[in-house]
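Report on the structure
Residue strings, one per chain:
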Amino acid sequence: MSSQTGTSQQANNQGQESDEDVFSQPRTPRRTPMACHFCRGRKLKCDGRQTCANCQRRGLACTYAPIQK
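Here we summarise the structure given alongside this text. (Residues numbered from 1 in each chain as written. Predicted model: local features only at pLDDT ≥ 70, side-chain atom pairs only at ≥ 80, totals over all residues. Heavy atoms only, no water.)

1. Considering the overall build of the protein chain
On a plain count of helices and strands, the protein chain comes out with four helices and zero strands. Along its sequence from the N terminus, the protein chain presents helices and strands in the succession α-α-α-α. Put simply, the protein chain has 69 residues, and 12% of those count as buried. Here the protein chain has roughly 6700 Å² of accessible surface; of this, 47% comes from carbon and sulfur atoms. (Helix = DSSP H or I, 4+ residues; strand = E, 2+ residues; numbered from the N terminus. Buried < 20%, exposed > 50% of the residue type's maximum accessible area, 1.4 Å probe, protein only. Areas by Shrake-Rupley, 256 points an atom, 1.4 Å probe, with all protein chains shown as cover.)

Written as structure tokens, this is what we have:
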């Protein structure tokens, strides 16, 4: 009786990922290579789009300049 229960549980788990498989690799957020002028000046997180979310929300022109080393 218990051997059938174990077999049915194994069959149910084959199509699903376990919690350990899902969380085994840590997520690292993508880094934007460059922030726009507004985000850099206010030290905000810039999403790097043509018009970033911060500038779009405020109705500002979103401009990027290359970083000078």
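2. Some remarks on the nonpolar core
Counting seven residues, the largest nonpolar core consists of Cys36, Phe38, Cys39, Cys46, Cys52, Cys55 and Cys62. Once residues lying within four places of it in the same chain are set aside, the contact partners of Cys52 are Cys36, Cys39, Cys46, Asp47, Cys62 and Tyr64. (Core = buried A, V, L, I, M, F, W, Y, C linked by side-chain atoms within 4.5 Å. Contact = heavy atoms within 4.5 Å.)

3. A look at unusual backbone geometry
Both trends apply: most residues other than glycine have a negative phi, and most peptide bonds are in trans. Of note in the backbone geometry, Lys43 takes a positive phi value of approximately 55° without being a glycine. Mapped onto the elements of the fold, Lys43 is located in the loop between helix H3 (37-42) and helix H4 (53-58).

4. Remarks on the environment of Cys55
Looking at the element boundaries, Cys55 is found in helix H4. For Cys55, a relative accessible area of 1% gives the class buried. Here the alpha-carbon distance between Cys55 and His37, two residues 18 residues apart in the chain, equals 9.7 Å. With near-sequence residues (within four places) excluded, Cys55 lies in contact with Cys36, Phe38, Leu60, Ala61 and Cys62.

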